[in-house]
Amino acid sequence: MNSSLYPCLWFDHQAEEAADFYCSLFRNSKVLEKTQMVSRFELNGTKFMGLNGGSKYQVNSAVSYFVHCGSEVEIHRIYDALSKGGSVLMPLKTYDWSPKYAWVIDRYGVNWQLDVEDINSSQKIVPCLLFTNGKRDLVKNALAHYTGIFKNSRILMEAPYPPEIGLPEGTLLFAQIKLDGFILNAMSSTMEHDFDFTPGNSLVVECETQEEIDYYWTQLGKDGKFDRCGWLTDRFGVSWQIVPKILGKLMTDPSKSQKVMASLLTMQKIEIETLLNS
């Protein structure tokens, strides 16, 4: 199956502003599309969507974005820009897992984990799911679930907690997978946190055919919750958007966009033929 997977950030009418800021900061970046509702952009080759969703949801620390900076000059430059007007959860310094690392929340509330080291991939920005509280022990199950759904997928690495922590054997602190060519990180925390996964951060699956939409909708939504306009929440609470690749083109067509939007709002699972006939 031919899928395209990328993250979506929920903004309170700041998507265009945020897209411009990120594209000015990250190298090899560009805005791909701007509409009243969404801005699509690439940051160092990784595709993102910014959604003007209003104030109903916010991004939070349940999903962050690893940036593999590749040099000290680059990590300092990005750290300074992202932390300006934002906040620092972990200051830029040496840690056990990295010679230079930081975790910052930018002015829009988006979480970034910065690492001075490079990654052996063209994907330099990697989303990370943080499993906390009652979900702490579910990392391994979640990654097995996702790699079982997406074709051409595999687990790249797993890092369990050391035995002295006292958790069940095999409980994962950190892991990395590749879903149909897209790298995704997952980690857990032994601390109590006041956040969980929400639609503020979601993962978009762009599909070529109705068959693909039906497949991902059914597989990812099983034991979760189906919502409107192609949105669903999976069994772990992670939000996904299952959309046709042609949707962006339809939404930017002045002769069709209003009818397409009206039709979209009546749907849960998206039906491509219905959109085309709108």
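Computed from a predicted structure; not experimentally measured.

Definitions and limits used
- Residues numbered from 1 in each chain as written.
- Predicted model: local features only at pLDDT ≥ 70, side-chain atom pairs only at ≥ 80, totals over all residues.
- Heavy atoms only, no water.
- Helix = DSSP H or I, 4+ residues; strand = E, 2+ residues; numbered from the N terminus.
- Rg over C-alpha atoms; globule rule 2.2 N^0.38 Å.
- Contact = heavy atoms within 4.5 Å.
- Areas by Shrake-Rupley, 256 points an atom, 1.4 Å probe, with all protein chains shown as cover.
- Buried < 20%, exposed > 50% of the residue type's maximum accessible area, 1.4 Å probe, protein only.
- Lys, Arg positive; Asp, Glu negative; His and termini not counted.
- Salt bridge = Lys/Arg side-chain N within 4 Å of Asp/Glu carboxyl O.
- Axes fitted to C-alpha atoms, helices over the stretch in contact; angles between N-to-C directions.
- Parallel < 35°, antiparallel > 145°, perpendicular 65-115°, else oblique.
- Left-handed = near helix turned anticlockwise from the far one by under 90°.
- Nonpolar A, V, L, I, M, F, W, Y, C, P; charged D, E, K, R; others polar.
- Core = buried A, V, L, I, M, F, W, Y, C linked by side-chain atoms within 4.5 Å.
- Pairing = 2+ DSSP bridges.
- Expected span 1.5 Å × (residues − 1).

Peer 1: In this structure, what is going on with the overall build of the protein chain? I would like to understand it.
Peer 2: When its secondary structure is counted, the protein chain shows seven helices and 16 strands. For 278 residues, the compact-globule estimate of 2.2 N^0.38 gives 19 Å, and the protein chain sits close to it at 19 Å. If one aligns the C-alpha atoms of the protein chain with their principal axes, the spans along those axes are about 60 × 40 × 35 Å. The contacts of the protein chain with a sequence gap of at least 6 include a subset with a gap of at least 24, amounting to 63%. Accessible surface computed for the protein chain: about 12800 Å², of which carbon and sulfur atoms make up 49%.

Peer 1: Just checking my understanding: could you explain the side chain of Asp115 for this structure?
Peer 2: Among the secondary structure elements, Asp115 is positioned in strand S8 (residues 111-115). For the buried Asp115, which has no salt bridge, the nearest side chain bearing the opposite charge is Lys100, at an N-O separation of 10 Å. Filtering out sequence-adjacent residues up to four positions away, Asp115 remains in contact with Val67, His68, Cys69, Gly70, Ile75, Ser98 and Lys100.

Peer 1: So what exactly am I meant to see when it comes to the packing of helix H1 (residues 15-25) against helix H2 (residues 72-83) here?
Peer 2: A packed helix pair is summarised by two numbers, namely the angle formed by the two axes and the spacing between the axes. Running from N to C, H1 and H2 point in directions that differ by 160 degrees, and their axes come no closer than 11 Å. Our classification of the angle between H1 and H2 gives roughly antiparallel. Between H1 and H2 lies a crossing whose hand is right-handed. Side by side, H1 and H2 meet where Phe21, Tyr22 and Leu25 of the first sit next to Arg77, Ile78, Ala81 and Leu82 of the second. Considered class by class, the residues forming the contact of H1 with H2 number six nonpolar, no polar and one charged.

Peer 1: Is there a simple way to explain the nonpolar core in this structure?
Peer 2: Inside soluble globular proteins, nonpolar side chains tend to come together where they are buried. Counting 76 residues, the largest nonpolar core has Tyr22, Trp112, Tyr146 and Trp240 as the members making the most contacts within it. No other element matches the seven residues that H1 contributes to this core. In contact with Tyr22, other than residues within four places in its own chain, are Leu9, Phe11, Phe41, Leu43, Leu82, Asp106, Tyr108, Val110 and Trp112. In terms of nonpolar packing, the next biggest core, distinct from the first, is built from 17 residues, Val38, Val204, Met267 and Ile270 among them.

Peer 1: Please clarify how the sheet that holds strand S5 (residues 63-68) should be interpreted in this entry.
Peer 2: One key point about sheets: their strands pair by backbone hydrogen bonds, in either a parallel or an antiparallel sense. In spatial order, the strands read S6-S7-S8-S5-S9-S12-S11-S10; together these eight strands make up an open sheet with mixed pairing. In this open sheet, the two edge strands, each paired with only one partner strand, are strand S6 (87-95) and strand S10 (154-160). The sheet shows a mean angle of 20 degrees between the axes of neighbouring strands, direction not considered. The strands touched by H2 within the sheet are S5, S6, strand S7 (98-105) and S8, with S7 carrying the most contacts at an inclination of about 15 degrees.

Peer 1: Honestly, the pairing of S5 in this entry has me stumped. Any pointers?
Peer 2: Within a regular strand, side chains alternate between the sheet's two faces. Counting buried residues in S5 gives six out of six residues, a clear majority hidden from the surface. Inspection of the sheet shows S5 paired to strand S9 (residues 125-131) by five bridges, in the antiparallel sense. Considered in S9, the bridge of Ser64 is made with Cys128. Relative to S8, S5 runs parallel, the two sharing five bridges. Residue pairing for S8: Ser64 is matched across the bridge by Asn111.

Peer 1: What's the story with helix H4 (residues 210-221) in this structure? I'm lost.
Peer 2: An α-helix turns once per 3.6 residues; consequently, residues spaced three or four apart project the same way. Here H4 spans 16 Å end to end across twelve residues, near enough to the 16 Å set by a 1.5 Å rise per residue. Within the sequence span of H4, burial applies to Glu212, Ile213, Tyr215, Tyr216, Trp217, Leu220 and Gly221. Two residues or fewer after H4 comes Asp223, characterised by a positive phi angle close to 65 degrees.

Peer 1: Would you take a moment to explain the packing of helix H3 (residues 139-149) against H4 for this structure?
Peer 2: Viewed as axis vectors pointing N to C, H3 and H4 meet at an angle of 165 degrees, and their least axial separation amounts to 10 Å. Our classification of the angle between H3 and H4 gives roughly antiparallel. Crossing handedness for the pair H3 and H4: right-handed. Residues His145, Tyr146, Gly148 and Ile149 of H3 touch H4, and the partners they reach there are Tyr215, Tyr216, Gln219 and Leu220. Here the contact of H3 with H4 is built from residues that sort into five nonpolar, three polar and no charged.

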